Amino acid sequence: MARIDLHDEGAVVIIGSGAGGGTLAHELTRRGIPVVLLEAGKRQSTATFSQVPGEAFQQLTWLDTRTQSGSWGVARDFPGLPSWHCKTAGGTTVHWTASTPRLEPWELRAKSTYGHVPGTSLIDWPISYPELKNYYLLAERRLGVTRRNGVPGLPASNNFKVMYAGAKKLGYKRVHTGHMAINSRSRDGRGFCIQQGFCVQGCKMGAKWSTLYTEIPSAEATGKLDLRIECRAMRIEHGANGRVNAVVYRDSQGQEQRQKARLVCVAGNGIETPRLLLLSESAKFPQGLANSSDQVGRNYCHQIVGYVWGIFDQPVYSWRGATVAGVVEDEVFNDPKRGFVGGYRIELVALDLPTMPQVGLPYGWGRDFASIMEEYRNIAGLLINGEDMPRAENRITLNPEVKDAFGLPAANVHVDEHPNDQALRKHAQGQMSKMYAALGAKRIFPGPSLPATHNTCSARMSAEPRDGVTNGWGQTHDIPNLFISDGSMMSTPGSANPTLTIVALVLRQAEYISRQMAAGKI
Amino acid sequence: MDPLTTLHRREFLKTSTGLLTGLVAAGSSLALLAPGRAWAVDLTALSSAEAATLLVVARTIAPHDKLDDAAYALVIQAVDGDASKDDKTRQMIREGVASLGAGFPGSPESERVEALKKMEASGFFQSMRLKTLQVLYSNPIAYAYFGYEGEAFSKGGYLFRGFNDLRWLPEVPLADSGALPA
Ligand SMILES: Cc1cc2nc3c(=O)[nH]c(=O)nc-3n(C[C@H](O)[C@H](O)[C@H](O)COP(=O)(O)OP(=O)(O)OC[C@H]3O[C@@H](n4cnc5c(N)ncnc54)[C@H](O)[C@@H]3O)c2cc1C
Ligand code: SF4
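These numbers come from a predicted model, not from an experiment.

Per the secondary structure count, chain A includes twelve helices and 17 strands. Taking 24 Å as the expected radius of gyration for a compact globule of 522 residues, we find that chain A reaches 22 Å, a close match to that expectation. Taking contacts inside chain A between residues at least 6 apart in sequence as the whole, the part at least 24 apart equals 75%. Accessible surface computed for chain A: about 16,500 Å², of which carbon and sulfur atoms make up 50%. Each charge class in chain A can be summarised by its mean position, and for the 57 positive and 47 negative side chains these summaries are 5 Å apart.

Next up, the structure:
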């Protein structure tokens, strides 16, 4: 591992070591570029992951003070926890469930495909599908995605058998155990999935791709990576020329440090990334960095994610097996006749016993609530993953009233659901309920929308600088040596779980950065 | 986590304010773990009577008739812990219990539900509901009762321990799933 001097002006500083930042660190260091990788969380390993759900949550989750507002159900159901993501080396790839579908070509042309949808800030992506597809292919190889490149699919779990049978009754055709970044066979020095179902607590087999034990060690092996854990970026600084030149952070001892930088890439997940840009306001950039368009933090999307549960006469034991290894892809198309634009996936889901009553079930108590829990063995689960509509007012802002432990204004997450979001959710819940009804479920009910897990679009790529924050490479329109390297840069969310797209965009960005650096342009 | 150690009297506590005790009911799921054992929870902030009322509150919030009191006692232990850390919490709990009245624990379920519904918006009720949900389902007594098998890494996962043993529906064709790893 490299030690890069605080005064070294030649390094790229990446903030956040998750899907975006961890991958970018590997891509740059393997091209010989020195990288300082700042990560707010601690470093765990397959050996230290706790297998007690409550403990694992404490061990991995970003629990800093945040606030939320708007009409979305999360504001009501999960006060103080608008989003569920990680603070740990490897970021949220430590506890993601590794479903890795691609976006469809028309999803990259959201505005052209959906036309004018009142109350949205839809745009088309500034990059074409064929362009992105090349990097999907690379990303799928890197992650070892199942059912691609000859990698076998995962075997069917009990929970998936229920999903499959229900889907077939409804006539769905594209139903399978998913494109998963989970080893169905040993590969890449990592073991295969033993169906323990603790994907969200950290995969002790290392079967599930996480930058923690793939990209980060590979980057370390180049000798070019200086990973600094428990180091929290507080502010990005710039010179008189308006280019960024340093990152101020608090180290593990609470000391303030200042790392000089040739280039800064922000990959703190879709809430912290815009927050850091806003926190970095200066006399020259009073609205925050890269924010001359006033788009930083706006257009925040998190996808429509929510549960539908079915209770059956016989046991399902849904907790046994890879949590999200199953999908119905037949609803991924755009047809306004369904009452909404955009599409959704139906995915498999299960929750461990401790988490079920806290996150999985709608608000309740008493006999009715308890009667559901009594049937825990017999519950099968489905998850919607659908496109939500960007809105200018759905945004991440700094809350002037509430401070985090470092004394910095907390992020406020504001979401007013668009009628399209509600119509899509209703349709999805209806179809999912029909799947279970067709199998004679005793009882079917939706769960709440969970705290946002797919934070995207809050510093988005746009062809026109006024519509977004970065160009098609994730390079900010305002500051050429400042990049966005996570889901924040997505132009629209689409209906695919975002991480494969994040990795593809970052693989592409890394090529661009190294070319531009070699040419002396940045 | 062993429920009995959790429930064990914390002898080192000299400032005990009360005691919640019970006997493991024969035939309950806890009896499988600890046949015939008595349990006791030392209280550090609440009185025995308050704890007994709170136990009934927890049972009314999440009524699992055959789930042993010992599981609910873990909830009360956690509430007591919170109350001992923070005066405001202690006061909120005290006032909540007082407002339920002495007759609450002995009254029929329908009346208890009515009483709690009336205070549903209160901080007391909401914190009791949250604690019950957080603690009641997170311990080995509950795991045994609900049939949840928990962590499986130490046993080689569920790959050969039933992840695909469902037989009441057709098998999935291999083309849409995958063969077991060799
Ligand atoms: C339960 C769950 C299940 C999921 N399942 C799937 C799935 O099946 N498929 C899918 O595609 N996606 C899934 N996701 C989403 C996926 O995890 C994210 O899309 C992805 O990890 C985002 O990558 P990122 O690089 O933007 O952020 P992250 O991976 O979250 O990494 C951000 C890192 O930045 C660090 N950081 C933030 N601010 C600072 C700062 N100021 N200084 C230093 N460090 C900082 C954080 O600590 C964190 O480690 C899931 C998410 C959750 C919560
Ligand atoms: S189910 Fe598979 S991927 Fe998930 S934690 Fe277990 S071994 Fe890892």
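Another point: the side chain of Lys208 of chain A. Residue and element names in this part refer to chain A. Residue placement: Lys208 occurs in the loop between strand 4 (175-176) and helix 7 (215-221). Although Lys208 lies buried, it forms no salt bridge, and the closest oppositely charged side chain, Asp352, sits 12 Å away as judged by the N-O distance. Within polar-contact distance, the side chain of Lys208 engages the backbone oxygen of Cys199 at 2.6 Å. Setting aside chain neighbours within four positions, we find Lys208 in contact with Thr93, Val94, His95, Trp96, Ala98, Ala181, Ile182, Arg190, Cys199, Cys203 and Tyr213.

Okay, the interface of chain A and chain B next. Taken together, the contacts link 53 residues of chain A with 53 residues of chain B. Here chain A meets chain B over a buried area of about 4,500 Å², counting both sides, of which 60% is carbon and sulfur. In terms of surface lost to chain B, no three residues of chain A exceed Lys161, Trp365 and Arg367 of chain A, which account for 17% of the buried area on that side. If you look at where chain A meets chain B, you find five salt bridges. Arg320 of chain A is the salt-bridge partner of Glu149 of chain B, the closest N and O atoms lying 2.8 Å from each other.

Further remarks concern the layout of surface pockets. Residue and element names in this part refer to chain A. Considering only enclosed or pocket space, the second largest pocket measures out at about 170 Å³ in volume. Lining the second largest pocket are 17 residues; nearest its centre among them are Gly73, Arg76, Asp77, Pro448 and Ser449. At the level of secondary structure, the elements contributing two or more residues to the lining of the second largest pocket comprise helix 3 (73-77), strand 10 (304-311), helix 11 (419-437) and strand 16 (443-449). The biggest single contributor to the lining of the second largest pocket is helix 3, with four residues. Of the residues belonging to the lining of the second largest pocket, the class tally is seven nonpolar, six polar and four charged.

Residue and element names in this part refer to chain A. Around ligand 2 sit Ile182, Cys193, Ile194, Gln195, Gln196, Gly197, Phe198, Cys199, Cys203, Met205, Lys208 and Ala322, and those are all the residues in its vicinity. In a pocket analysis with a 2 Å cut-off to the grid points, ligand 2 is assigned to the largest cavity. The class makeup of the residues in the shell around ligand 2 is eight nonpolar, three polar and one charged.

Let's shift gears to the site of ligand 1. All names here are of chain A. Neighbouring ligand 1 are 37 residues, the closest being Glu39, Thr92, Thr97, Ser99 and Asn269. A distance of 2.8 Å is found between a nitrogen atom of ligand 1 and a backbone nitrogen or oxygen belonging to Ser99. Measuring from a nitrogen atom of ligand 1, one finds a side-chain N or O atom of Thr499 at 2.8 Å. Look at ligand 1: alone it shows 1,000 Å² of surface, and the protein chains cover 97% of it. Within the residue set of the shell around ligand 1, elements represented by two or more residues are helix 1 (19-29), strand 2 (35-39), strand 6 (232-238), helix 8 (269-279) and helix 12 (499-518). Partitioning the shell around ligand 1 into residue classes produces 14 nonpolar, 18 polar and five charged.

Before going further, it helps to spend a moment on the sheet that holds strand 4 of chain A. All names here are of chain A. In space, the six strands of this open sheet follow the order 4-11-12-13-10-16, with antiparallel pairing throughout. With partners counted over all chains shown, the strands left at the sheet margins are strand 4 and strand 16, one partner each. The sheet contact formed by strand 12 (residues 344-348) and strand 13 (residues 379-386) spans five bridges and is antiparallel. Among the inter-strand pairings, Arg345 is bridged to a residue of strand 13, identified as Asn385. With respect to the sheet, helix 11 is in contact with strand 10, strand 11 (327-328), strand 12, strand 13 and strand 16, its orientation differing from that of strand 13 by roughly 150 degrees.

Below, the discussion takes up the pairing of strand 2 (residues 38-43) of chain B. Residues and elements named next belong to chain B. Burial of strand 2 is extensive: five of the six residues sit out of reach of the surface. Both strand 1 (residues 18-23) and strand 2 contribute to a ladder of six bridges, which runs antiparallel. When the bridges of strand 2 are listed, Gly18 appears paired with Leu43.

The tendency in soluble globular proteins is for nonpolar side chains to be buried as a group. Counting residues in hydrophobic clusters, the biggest one holds 92 residues, and the most contacted among them are Ile236 and Leu482 of chain A. Element by element, the count of residues in this core is highest for helix 12 of chain A, at eleven residues. Excluding residues within four positions of it along the chain, Ile236 of chain A makes contact with Ile15, Val244, Ala246, Val247, Val264, Val266, Leu276, Leu277, Ser280, Leu289 and Leu482 of chain A. Phe78 of chain A together with Leu46, Leu54 and Phe163 of chain B belong to the second-largest nonpolar core, a separate cluster that totals 81 residues.

Right, let's talk about the packing of helix 3 (residues 48-61) of chain B against helix 7 (residues 123-136) of chain B for a bit. Residues and elements named next belong to chain B. Helix 7 packs onto helix 3 with a crossing angle of 70 degrees between their chain directions and a minimal axis gap of 10 Å. When the axis of helix 3 is compared with that of helix 7, the two are roughly perpendicular. Residues Leu54, Val57, Ala58 and Ile61 of helix 3 touch helix 7, and the partners they reach there are Phe124, Phe125, Met128, Arg129 and Thr132. When grouped by side-chain class, the residues that make up the contact of helix 3 with helix 7 number seven nonpolar, one polar and one charged.

Let us now look at the pattern of salt bridges. All names here are of chain A. Applying the stated criterion across every chain yields a total of 41 salt bridges over all chains. Here Asp64 ties to Lys87 by a salt bridge, and the two come within 2.6 Å at their closest N and O atoms. Of this pair, Asp64 sits in the loop between helix 2 (53-60) and strand 3 (66-69) while Lys87 sits in the loop between helix 3 and helix 4 (110-114); the two residues are 23 residues apart in sequence, bridging distant segments of the chain. Summarising the burial analysis for this pair, Asp64 and Lys87 share the class buried. In this structure, the salt-bridge partner of Arg232 is Asp64, at a minimum N-O distance of 2.8 Å. A residue pair is termed long-range when its members are at least 10 positions apart, and Arg232 in strand 6 and Asp64 in the loop between helix 2 and strand 3 qualify at 168 residues. According to the relative accessible area criterion, Arg232 is buried, its value standing at 9%. Take Asp64: its relative accessible area is 14%, and that puts it in the buried class. Connected via shared salt-bridge partners are Glu27, Arg30, Arg31, Arg142 and Glu215.

What counts, and at which threshold
Residues numbered from 1 in each chain as written. Chains lettered and ligands numbered in written order. Predicted model: local features only at pLDDT ≥ 70, side-chain atom pairs only at ≥ 80, totals over all residues. Heavy atoms only, no water. Helix = DSSP H or I, 4+ residues; strand = E, 2+ residues; numbered from the N terminus. Rg over C-alpha atoms; globule rule 2.2 N^0.38 Å. Contact = heavy atoms within 4.5 Å. Areas by Shrake-Rupley, 256 points an atom, 1.4 Å probe, with all protein chains shown as cover. Lys, Arg positive; Asp, Glu negative; His and termini not counted. Charge placed at Lys NZ, Arg CZ, Asp CG, Glu CD. Buried < 20%, exposed > 50% of the residue type's maximum accessible area, 1.4 Å probe, protein only. Salt bridge = Lys/Arg side-chain N within 4 Å of Asp/Glu carboxyl O. Polar contact = N/O pair within 3.5 Å; in protein donor to acceptor, adjacent residues only side chain to side chain. Buried area = accessible area lost by both parts, 1.4 Å probe. 1 Å grid on protein atoms, 1.4 Å probe; cavity = no way out; pocket = protein on both sides within 12 Å on 5 of 7 lines; lining within 4 Å. Points joined across faces, edges and corners; volume = space filled by probe spheres on them. Nonpolar A, V, L, I, M, F, W, Y, C, P; charged D, E, K, R; others polar. Near = heavy atom within 4 Å. Sits in = over half its atoms within 2 Å of the grid points. Pairing = 2+ DSSP bridges. Axes fitted to C-alpha atoms, helices over the stretch in contact; angles between N-to-C directions. Core = buried A, V, L, I, M, F, W, Y, C linked by side-chain atoms within 4.5 Å. Parallel < 35°, antiparallel > 145°, perpendicular 65-115°, else oblique.

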